[in-house]
Amino acid sequence: QAFCTHRGVVKSSPSPVRAMPATINVRPDGVGVLTMDSPPVNSLGTELVTSFKQEFPKLVNDPKVKAIVVTGKGNMFCGGAEITEFAIMVAMGPEKMKENNPVAALSEMMDMIDASPKTVVAALNGPALGGGGEVSLACHYRVASPQSSVGFPEVKLGLLPGAQGTQRLPRVAPLPTAMQMILQGNPLNAQAAKKNGIVDVVASKDVIEEAADFALNHRPAPISKREVHKTNRFMVAAGGLEQGLNTAVNAAPLMIAPRAIIKCFEAACSNKSFREGLQVEMEQFTNLVFSVESAALRHLFLSERLAQKVPGIDEKPAPLKKIGILGAGLMGGGIAMCFIQKGVPVVLKDAKQEWLDAGVKKIESMWAGQAKKGRLSKEKFKEYMGLLKPSLDYADFKDVDMVIEAVPEIMDLKKEVFLDIEKNTKPDCLICTNTSGLNIDDIAAVLKDPSRVMGTHFFSPANVMQLLENVRTAKSSVKTLATGMAMGKLINKKCVMVGNCDGFVGNRMIAPYAGEAKMLWEEGGTVEQIDKAATAFGMAMGPMALGDLVGQELFWKQRKAAGDMNKQTKTYFGPYELTDWLCELGRFGMKTPDPSIKANGRGIFIHRGRDKTVDPEVVAKLDEVRKAKGVTPRPVSDEEIVERLFYPLINEGFKILEQGYVARSSDIDLVYIYGYGFPPSKGGPMFFAENYAGFKTILEKLKVFDKQAKERYTKNPQYLPIDYFEPSKLLEACAAKEGMQVFPGQTVIDVVLKDFRKSSPGPGPFSKL
């Protein structure tokens, strides 16, 4: 499920009852063991918390029990709160939550452990994360297995540890460590946790046996009764919290949770009592849980789970024991690294020895660099290189389970290599293309069996970028698609299934964004202003800097090859005059150095090292372009820049949904968060539309911009026609339903989309599923 909407009224629905118990048993030595058993990560859902509160007092009140050990079932101590329950919490509203606070039950559980007259030891059999870390701190002592860890990742969901963690951790750990763990969400392994006072013993044998022995030989020592160390208080007085906040804000400037966490640390390290500190923690937690920023981050967390559930994909994936990669360039080499780092052998093929050697050398140098920095052992480096088989011969693909083609974006070349792959692979080998925009159905049509084909659109550099767009073709078999999704999971990609449309999801939506950036520039905005407005919105970089990064020549070459320099598709729009001039001069951006001016890259910007400045020649050329087109520059506001960049991008997302080229709105959000630098605190373009801007606002602005655009290109023949401001029918339907009631875990977009697809099914595969 995706997270529920932040705007409008929501109503709850009962969640299915599951057995999530806490079980108890008493050992012969008189130690009572309570085991949290809530698969898969022993999360602290309502059922487990209720069960824990029922079972724990039985151990306290049993005269045969001398001490208590709390542990988790399997390889996990506790993975923290059940995130899906936050939707119900928000649905209650702030006032109702005061009357019936679900977090209060968890806090009562911590108090119960803390107040035990019998010694309570946490036996950390695996990771103790979030609420799991708080359970461990509610215990009097902690004995950890070597493979365990303690962490508080709540900040990554726009929250803070709301079950006493902000008040307990500074009472056992140095303040810098506490800040690193809670402000940045960085976990500590068992040894580091012991070094920092969080864990008392790292077990050398069975963790429960050692925890039981420790419990029998130590008196109760609740953390709530401990004073915060003087060093921590001194650091707060000396401005240590401000330094920690600055670090967190610099890393994620749009996040509000770090400021709330600092207030909790201030309370812990002040003269306030433990109980008074908890009041501050609960107040700050409540503010965060109802914030749109936290809703956005929780939405993304749940969207990742949902993306793996592709409609219609219900077959078991084929095993992937060996992979073939065709093309040893930057992309092919990066993809090869992804598999090798997961222990999967790779055959890397290219057409010429020098190309193959260069590709292998690049891969080797990247791993050698990691080894030099101590991030990769020499043994691992040797193992990785041993899994890589360079080849010039297609015959070496004879026993691979999947081939991923990463050759240049030329349709005839793609078809040619697909035929060569088909001749040299077993019949059930998947044949995948890394194309970023060519029609995969056309490529697959040359094969005898196109059902073994799908798109695997990696993002460059593939060994770094998290996103993978898996592309469903007209004839892809369910087995093929299931295997493609399993492949993405195997190599730790954020994997989204999309339909085979021009530009798929990401590149299709970025096209109007890039086109409007150039249009705003011509109309009077400056390069610096446009990029600054985008980064202030939260983008990782502005559209002008992005153009220099990916290369200004990309679509210039495609239009040249097509013999039509005015060509526009769903993946690129004009105006072209200035960027075409740059390309004719060979100034593509960061990839084209200019030694004559000591620049390591030249395009719109002059790049020197990490610094860049707008090229004065570009500014002068723009004046020429404006004069030739009869354009008088005007002031452009930052607000207009943001609206004209993002509203057509969002509108294109609605069109992709209504046409059925993606299953749900949250899949689009994942594409943009992990592939295009959209700010996580805004939840993705579709979440932003529903929860920040509002459908009606976007719709009305699009109508205004569409009218202006039509007037521009009808009156001035030097401008090309554009249609990306024409409002999506689905957007219009959502605007008509703005503020409607939806169940927790639903979005208005997807509720409206379901009815929309019944009445107006689009051409894409997800319209019919």
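Note that the coordinates shown come from a computational prediction; the quantities given were computed from them, not determined experimentally.

Chemist: Mind showing me how you'd approach the pattern of salt bridges here?
Modeler: Charged atoms that come close allow side chains of opposite charge to pair. A complete count under the given rule lists 43 salt bridges for this structure. Across the salt bridge formed by Lys 570 and Glu 652, the nearest N and O atoms sit 3.1 Å from each other. Here Lys 570, found in the loop between α23 (554-562) and α24 (577-584), pairs with Glu 652, found in helix α26 (residues 638-659); they are 82 residues apart in sequence, far enough to count as distant. Judged by its relative accessible area of 24%, Lys 570 falls in the partly exposed class. Among the charged side chains, a network of salt bridges with common partners joins Glu 516, Glu 523, Arg 634, Glu 640, Arg 644 and Arg 712.

Chemist: What is the right way to look at the nonpolar core in this model?
Modeler: Taken as a class, soluble globular proteins show a tendency for nonpolar side chains to be buried jointly. Among the nonpolar cores identified, the biggest contains 99 residues, and Trp 521, Phe 654 and Phe 695 are the most heavily contacted of them. It is α26 that contributes the most residues to this core, 10 residues altogether. For Phe 654, the contacting residues outside a window of four places in its chain are Met 686, Ala 689, Phe 695, Ser 728, Leu 730, Leu 731, Cys 734 and Ile 749. Among the nonpolar cores identified, the runner-up in size contains 74 residues, and Val 65, Phe 152, Leu 169 and Ala 260 belong to it.

Chemist: Help me understand the packing of helix α1 (residues 46-61) against helix α3 (residues 102-114), please; the structure alone is not making it clear to me.
Modeler: Between α1 and α3, the least distance of the axes is 10 Å, while the angle of their chain directions is 20 degrees. When the axes of α1 and α3 are compared, the pair comes out roughly parallel. The element α1 and its partner α3 pack so that their crossing is left-handed. In this structure, α1 uses Val 49, Phe 52, Lys 53, Phe 56 and Pro 57 to contact α3, whose residues at the interface are Ala 105, Leu 106, Glu 108, Met 109, Met 112 and Ile 113. When the residues that make up the contact of α1 with α3 are grouped by side-chain class, the tally is nine nonpolar, no polar and two charged.

Chemist: Looking at this structure, I do not really get the sheet that holds strand β16 (residues 467-472). What am I missing?
Modeler: The pairing of strands in a sheet happens through backbone hydrogen bonds and is either parallel or antiparallel. Taken in spatial order, the eight strands line up as β12-β11-β10-β13-β14-β15-β16-β17 in an open sheet, and their pairing is mixed. Edge positions in the sheet fall to β12 (388-391) and β17 (494-499), since each of these pairs with one other strand and no more. When strand polarity is set aside, the average angle formed by the axes of neighbouring strands in this sheet is 25 degrees. With four bridges joining them, strand β11 (residues 346-349) and β12 adopt parallel strand pairing. Residue pairing across strands places Val 346 opposite Leu 388, the latter belonging to β12. Lying on the sheet, helix α17 (residues 411-423) is in contact with β10 (323-326), β13 (402-405), β14 (430-433) and β15 (453-458); it crosses β14 at an angle near 160 degrees.

Chemist: Could you clarify how one ought to interpret the packing of helix α6 (residues 175-183) against helix α10 (residues 240-251) in this entry?
Modeler: The interhelical angle for the contact between α6 and α10, taken along N-to-C directions, is 30 degrees, at an axis separation of 11 Å. By the angle between their axes, α6 is roughly parallel relative to α10. Regarding α6 and α10, the two cross each other, and that crossing is right-handed. Along the contact surface, α6 presents Leu 175, Met 179 and Leu 183, while α10 presents Gly 240, Leu 241, Gly 244, Leu 245 and Ala 248. Its residues assigned to classes, the contact of α6 with α10 comprises six nonpolar, two polar and no charged.

Chemist: Would you take a moment to explain the sheet that holds strand β20 (residues 611-614) for this structure?
Modeler: One open sheet holds the three strands; their spatial order is β18-β19-β20, and the pairing between them is antiparallel. Of all the strands in the sheet, just β18 (601-602) and β20 have a single pairing partner and so form its edges. With two bridges connecting them, β18 and strand β19 (residues 605-608) associate as antiparallel partners. Bridge pairing in β19 places Gly 601 opposite His 607.

Chemist: Just checking my understanding: could you explain the packing of aromatic side chains for this structure?
Modeler: By convention here, two paired aromatic rings are described through the distance between centres and the angle between planes. Inspection of every chain in the model, using the stated rule, returns 19 aromatic pairs. Between the aromatic rings of Phe 537 and Phe 646, the centroid separation amounts to 4.0 Å while the plane-to-plane angle is 20 degrees, which identifies the pairing as stacked. Placement of Phe 537 in helix α21 (residues 527-537) and of Phe 646 in helix α26 is noted, with a sequence separation of 109 residues between them. Judged by relative accessible area, Phe 646 falls into the buried class, the value being 1%.

Chemist: Help me understand the environment of Thr 697 in this model?
Modeler: Inspection of the secondary structure assignment puts Thr 697 in helix α29 (residues 695-715). Thr 697 sits in the partly exposed class, given a relative accessible area of 38%. Each C-alpha atom of the pair Thr 697 and Ala 735 lies 8.6 Å from the other, and the pair is 38 residues apart in sequence.

Here is what the cut-offs are and how they apply
- Within each chain, residue numbers correspond to sequence positions counted from 1 in written order.
- Only residues with pLDDT of at least 70 are given local features in this predicted model, and only at 80 or more are side-chain atom pairs given and counted; all residues enter the totals for whole chains, interfaces and linings.
- Excluding hydrogens and water, the side-chain values take into account all heavy atoms of the structure.
- Note on definitions: salt bridges are taken to be side-chain nitrogens of Lys or Arg within 4 Å of carboxyl oxygens of Asp or Glu.
- Counting from the N terminus, the helices are the DSSP runs of H or I reaching at least four residues and the strands are the DSSP runs of E reaching at least two.
- Using a 1.4 Å probe on the protein chains alone, a residue whose accessible area is under 20% of its type maximum counts as buried, one over 50% counts as exposed, and one in between counts as partly exposed.
- In plain words, nonpolar cores are sets of buried Ala, Val, Leu, Ile, Met, Phe, Trp, Tyr and Cys residues tied together by side-chain atoms within 4.5 Å.
- Here a residue-residue contact requires only that any non-hydrogen atoms of the pair lie within 4.5 Å.
- To obtain each axis, a line is fitted to C-alpha atoms, and for helices this fit is confined to the stretch in contact; angles are then taken between N-to-C directions over 0 to 180 degrees.
- In what follows, roughly perpendicular refers to angles from 65 to 115 degrees, roughly parallel to angles under 35, roughly antiparallel to angles over 145, and oblique to any angle outside these ranges.
- In this scheme the handedness of a crossing depends on how the near helix is turned from the far one: anticlockwise by less than a right angle means left-handed, clockwise means right-handed.
- In this classification, the charged set is Asp, Glu, Lys and Arg, the nonpolar set is Ala, Val, Leu, Ile, Met, Phe, Trp, Tyr, Cys and Pro, and all remaining amino acids, among them Gly, are polar.
- Strands are treated as partners if at least two bridges between them are detected by DSSP.
- Here a Phe, Tyr or Trp ring, Trp counted by its six-membered ring, pairs with any other such ring whose centre lies within 6.5 Å, and the pair is stacked when the planes are under 30 degrees apart, edge-to-face when over 60, and tilted otherwise.

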